[in-house]
Amino acid sequence: MVESDRRKFLKSLAGLSGLAASAVPGLTSAKTAAGVQVKDIRLSKNKNYVRLVFDLDKIADHSLFALQGPDRVVLDVKNAKMPHGMVDRVQANSLIRSIRSGVRNDKDLRVVFDLSEEVSPRSFLLAPSGKSGHRLVIDLHGKKDKTKAAKKKSKRDVIIAIDAGHGGKDPGATGRSGTHEKIVTLQIAKRLEKDINAQRGMKAVLVRKNDRYMRLRDRIHKARDHHADMMISLHADSFPDPRARGSSIYALSVDGATSETARMLAEKENAADILFGDVDLAVEDQMVKEVLFDLSLTGTIESSLDIGSEILGQLKTVNRVHKKKVQQAGFAVLKAPNIPSVLLETAFISNPREEKNLRSAAHQKKISKAITRGVNKYFSRKAPPGTWLASSECEYAVCQGDNVAKIADKYDVNESDLRARNSLYADNLLAGQVIKIPVS
Ligand SMILES: [Zn+2]
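Residues numbered from 1 in each chain as written. Predicted model: local features only at pLDDT ≥ 70, side-chain atom pairs only at ≥ 80, totals over all residues.

We now examine the overall build of the protein chain. Across its full length, the protein chain holds 12 helices and 17 strands. When burial is assessed residue by residue, the protein chain has 37% of its 440 residues classed as buried. Put simply, of all contacts in the protein chain between residues at least 6 apart along the chain, 73% involve residues at least 24 apart. (Helix = DSSP H or I, 4+ residues; strand = E, 2+ residues; numbered from the N terminus. Buried ≥ 20, exposed ≤ 12 C-beta atoms within 10 Å, placed from the backbone. Contact = placed C-beta atoms within 7 Å.)

Turning our attention to the pairing of strand β2 (residues 49-56). Along β2, the buried face is formed by V50, L52, F54 and L56; none of Y49, R51, V53 and D55, which line the opposite face, is buried. As judged from the 7 bridges shared by strand β1 (residues 36-45) and β2, these two strands associate in the antiparallel manner. Across the sheet, R42 pairs through a bridge with V53, a residue of β2. Where β1 folds back onto β2 in an antiparallel hairpin, the turn is made up of 3 residues. Two elements, β2 and strand β9 (residues 134-142), share 8 bridges in a ladder whose sense is antiparallel. In the sheet register, V53 faces β9, and the bridge partner there is V137. (Pairing = 2+ DSSP bridges.)

The strand order β5-β1-β2-β9-β8 describes an open sheet built from 5 strands, whose pairing is mixed. The open sheet has two edge strands with one neighbour each: β5 (80-81) and β8 (119-126). Where β1 lies against β5, 2 bridges are found, and the strand directions are parallel. Residue pairing in the sheet places V36 in a bridge with A80 of β5.

Bringing unusual backbone geometry into the picture now. Only a minority of non-glycine residues have a phi that is not negative, and only a minority of peptide bonds are not trans. Phi is positive for N105, close to 50 degrees, though the residue is something other than glycine. In this structure, N105 sits in the loop between β6 (96-104) and β7 (108-115). Not every positive phi belongs to a glycine, and D106 is a case in point at roughly 70 degrees. Tracing the chain through its elements places D106 in the loop between β6 and β7.

Once that is clear, we can look at the nonpolar core. Counting 51 residues, the largest nonpolar core has I160, A161, I162, A228, I232, I311 and V342 as the members making the most contacts within it. When sequence neighbours within four positions are dropped, the list of residues in contact with I162 reads A189, L192, E193, A204, V205, L206, V207, I232 and L234. Membership of the second largest hydrophobic core comes to 36 residues, among which are V77, V111, V398 and Y411. (Core = buried A, V, L, I, M, F, W, Y, C linked by C-beta atoms within 7 Å.)

Now for helix α5 (residues 216-225). Among the residues making up α5, those that are buried are R219, I220 and A223. The buried residues of α5 occupy one face: seen down the axis, they fall within an arc of 95 degrees. What points out from α5, more than 90 degrees from its buried face, is the exposed set D218 and D225. Looking one or two residues beyond α5, the residue adopting positive phi is H227, at roughly 55 degrees. (Arc of directions from axis to C-beta.)

This paragraph deals with the sheet that holds strand β4 (residues 72-77). An order of β3-β4-β7-β6 is seen for the 4 strands of this open sheet, with the pairing classed as antiparallel. The sheet terminates laterally at β3 (62-67) and β6, the two strands that pair on one side only. If you compare each strand with its neighbour and ignore which way they point, the axes differ by 15 degrees on average. Bridge count for β3 against β4 is 6 bridges, and the pairing is antiparallel. Its bridge partner lying in β4, F65 is registered against V74. (Axes fitted to C-alpha atoms, helices over the stretch in contact; angles between N-to-C directions.)

By the secondary structure assignment, R156 is in the loop between α3 (146-152) and β10 (158-164). Sequence separation between R156 and M202 is 46 residues, and the spatial gap between their C-alpha atoms is 8.6 Å. If we skip the residues at most four places from it in the chain, R156 touches G386 and T387.

On to the confidence of the model for the protein chain. Summarising the model, the protein chain shows a mean pLDDT of 78, and 76% of its residues fall at 70 or more. In this model, residues 1-32 is a region of pLDDT below 50 whose contacts with residues beyond four sequence positions or in other chains number 42 contacts. A low-confidence stretch, residues 145-152 stays under pLDDT 50, and its non-local contacts, those more than four residues away or across chains, total 2 contacts. (pLDDT = per-residue confidence, 0-100.)

Let us look at the packing of helix α11 (residues 404-411) against helix α12 (residues 415-422). At a minimum axis separation of 9 Å, α11 and α12 run at an interaxial angle of 110 degrees. The angle between α11 and α12 places the two elements in the roughly perpendicular class. Relative to α12, α11 is oriented so that their crossing is right-handed. Seen from α11, the contacting residues are V404, A405, I407 and A408; seen from α12, they are E415, L418 and R419. Split by residue class, the contact of α11 with α12 holds 5 nonpolar, no polar and 2 charged. (Parallel < 35°, antiparallel > 145°, perpendicular 65-115°, else oblique. Left-handed = near helix turned anticlockwise from the far one by under 90°. Nonpolar A, V, L, I, M, F, W, Y, C, P; charged D, E, K, R; others polar.)

Note that T179 resides in the loop between β10 and α4 (181-197). When residues no more than four places from it in sequence are discounted, the contact partners of T179 are T174, V184, I349, E355, L358 and R359.

What follows is the structure in structure tokens.
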């Protein structure tokens, strides 16, 4: 690394770590402000990195950078003190050969980690929680592990099956200007596919990609084949009175589910496979199977209602809502055991104004974006285990003066990932609010 490169490198690191001075004005401007006290240092070794936790008595303004030849990492904490000899308590290990500390500018603390190899350093602050107070966390990721870590990180995406209603010989409802439901549902489905795929950790699967007829049961099978975590079926409503308008969302009702269970159970042969493919049922008794199946389905219905109300909440911002709550009904397409499913009546195609909206690219985009936000909100709370969204992440306590872009920059993560992970659709972060930093 030549000198100018190094300077560039240090500059970029300075941008990544350390709070902006404005975040903690008291610490940087007032000399009289009481300094930060380091109360303890703890070290833990993880598979791919070494973590050092500095227990502090208050929030600290810090910066972190790496130097080479020899490899070392330098931590500067503004206006801070550490008891003499505290660093000696931290045991050397295969990565950290030694730790030194000193005073800079009469009042700042500098800690230098001498390392046995090059690392990617990362730092973040944790707000007090439980027994722990303010913490400054330094993670030193060994670069040797990089390739291994990159291979290992392939956590799966959350799969969203998008089902455009009707198709082919079944045009669905037709508006007064001749708009077919099957056409607008496919257009919205394709927009939604793009929007979902733009979200990190999510993948969309289109149940039908073109204007073709598909049986309801084949739609469910397609979602199952792709191991969908949820299915959204897009439709447009129709009513004799052209004044009827607005969006509605349906989830499956327990009654509908129960009768469907009975019907499916009546089918012999692979009925059990269809029903119980995802449910581990090591029982022969038909009655027990039925009860267990109902229980698992009820859980799915709860998730469906939950997803439905998140989507409805977002749709409210772009379209009038026909019914304020998620409705429950027995649509066949919703009867996918173990896949939470919702059916969305985007608008009334029988209402001339809404028909026009349904054809409009701008309105379709708005609907798609609203659905995406709703889906995101749900999965940021309830990410299925094993998915990238459910993978462990760092937490960060928001400081005054922070905004989403600043934090994204600080942790070198994509701003839209950060927003998606925390369902941040506005910029009004509150100081002290804890947000999740996705692990890249
Ligand atoms: Zn329909």
